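Given next are the chains, with one letter for each unit.
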Amino acid sequence: MEKFIKDISVKAGKISLRYFGKRSNTWKAKSNPLDLVTKGDLSVNKFLVNVIKAKYPDHGIISEEMGEHNAEAKYIWTIDPIDGTANFARGIPLYAVIISLIVKGKVELAAVYDPINKNLFFAKRKGGAFLNGKKIKC
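Residues numbered from 1 in each chain as written. Predicted model: local features only at pLDDT ≥ 70, side-chain atom pairs only at ≥ 80, totals over all residues. Heavy atoms only, no water.

1. Some words on the overall build of the chain
The condition that has to hold: Think of it this way: any DSSP run of H or I at least four residues long counts as a helix, any run of E at least two long counts as a strand, and we number them from the N terminus. As a reference, a globule follows 2.2 Å times the number of residues to the power 0.38, and the radius of gyration itself is taken over C-alpha atoms. Here the term buried applies to any residue with accessible area under 20% of the maximum for its type, exposed to any over 50%, and partly exposed to those in between, with areas from a 1.4 Å probe on protein chains only. Between two residues, a contact is recorded if the distance between any of their heavy atoms is within 4.5 Å.
In terms of helices and strands, the chain carries three helices and ten strands. Across the chain, helices and strands are ordered from the amino to the carboxyl terminus as α-β-β-α-β-β-β-α-β-β-β-β-β. Whereas a compact globule of 138 residues would reach a radius of gyration of roughly 14 Å, the chain reaches 15 Å, a difference of no more than 12%. Referenced to the eigenvectors of the C-alpha coordinate spread, the extents of the chain come out at roughly 40 × 35 × 25 Å. When burial is assessed residue by residue, the chain has 38% of its 138 residues classed as buried. Within the chain, contacts between residues separated by at least 24 positions form 43% of all contacts whose residues are at least 6 apart in sequence.

Encoded structure:
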C-alpha cells in the first residue's frame, strides 16, 4: 500500500497540473464564497476515488469532494484532492494533493504531494517521515 499511495499521489498531482493556471479551470463556491471547488478538484478527486475503488473495493473512502463511501470499513482512505483550492483557482503555485490511509481508526500512511515543486512528503506510522524518499525530522 505504501507504493500505491505514493504513486497515486504523484499521478493526481500531474492531473492537477493540467488545470493549474488555465482559464478552463472554472470554480464555484460551495458552502461560502471562500470554500471553492474547481474542475481540477473534481477531476483529481474522481481519479483518486476510481483507482482506490478499483484496487481496494472493500475499503472505505472519505473525500472532501465526494463525501463518504463505506466509511465503516477497516481500511479508510481520506482524500483532499487539492488542499489550497483558493490558491489553485487563482493560479498561485501553493497547493497539494493529500491522501491518508486509516486502519482501525489510526492513520497508518499519509502522502502530501506538491506538484509545482515535485515534492512528495510521506509518513508511515512508526516508520518516520520522508521528503522525496529521504528521511526528514519533524
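Once you've had a look at it, read on.
2. Points about helix 1 (residues 2–19)
For an α-helix, 3.6 residues make a turn, and residues three or four places apart therefore share a direction. Test applied: Multiplying 1.5 Å by the helix residue count minus one yields the expected span of that helix. The arc under discussion is defined with respect to the helix axis, by the directions toward the C-beta atoms.
The terminal C-alpha atoms of helix 1, which comprises 18 residues, lie 27 Å apart, in line with the 26 Å expected from a rise of 1.5 Å per residue. Every buried residue of helix 1 is accounted for by Phe4, Ile5, Ile8, Ser9, Ala12, Gly13, Ile15 and Ser16. Along helix 1, the residues classed as buried sweep out an arc of 160 degrees about the axis, all on the same side. Set apart from the buried face of helix 1 by more than 90 degrees, the exposed residues are Lys3, Lys14 and Arg18. Backbone geometry just downstream of helix 1 places Gly21 in the positive-phi region, at approximately 75 degrees.

3. Re the environment of Gly21
Counting through the fold element by element, Gly21 comes out in the loop between helix 1 and strand 1 (27–29). A relative accessible area of 61% places Gly21 in the exposed class. Taking the C-alpha atoms as reference points, Gly21 and Phe88, separated by 67 residues in sequence, lie 7.6 Å from one another.

4. Comments concerning helix 2 (residues 39–55)
The terminal C-alpha atoms of helix 2, which comprises 17 residues, lie 24 Å apart, in line with the 24 Å expected from a rise of 1.5 Å per residue. Buried within helix 2 we find Gly40, Asp41, Val44, Asn45, Phe47, Leu48, Val49 and Ile52. Residues of helix 2 that are buried make contact with helix 1, strand 2 (36–38), strand 3 (60–63), strand 5 (75–83), helix 3 (85–89) and strand 6 (96–103).

5. Some points on the pairing of strand 3
Applied cut-off: Any two strands with at least two DSSP-identified bridges between them are counted as paired.
The pairing of strand 3 with strand 5 spans four bridges and is classified as parallel. When the sheet's bridge partners are listed, Ile61 is paired in strand 5 with Trp77. Sheet analysis places strand 3 next to strand 4 (residues 67–69), joined by three bridges and oriented antiparallel. In the sheet register, Ile62 faces strand 4, and the bridge partner there is Glu68. Between strand 3 and strand 4, which pair antiparallel and follow one another directly, the connecting turn spans three residues.

6. What to know about the packing of aromatic side chains
Put simply, the test is: Any Phe, Tyr or Trp ring, taking Trp's six-membered ring, that has another such ring centre within 6.5 Å forms a pair; planes under 30 degrees apart are called stacked, those over 60 apart edge-to-face, and the others tilted. Lysine NZ or arginine CZ positioned within 6 Å of the ring centre and within 35 degrees of the ring normal marks a charge as sitting over the ring.
Scanning the model with the defined rule gives seven aromatic pairs in all. Between Phe88 and Tyr95, the ring centres sit 4.7 Å apart and the planes meet at 65 degrees, which makes this aromatic pair edge-to-face. Owing to a relative accessible area of 4%, Tyr95 belongs among the buried residues under this scheme. Judged by centre distance (6.5 Å) and plane angle (35 degrees), the ring pair of Phe122 and Phe130 falls under tilted. Its relative accessible area of 22% is what places Phe130 among the partly exposed residues. Taken together, Phe4, Tyr56 and Trp77 form an aromatic cluster joined through their ring pairs. Geometry around Phe122 places Lys6 over its ring, the cationic atom sitting 4.5 Å from the centre.

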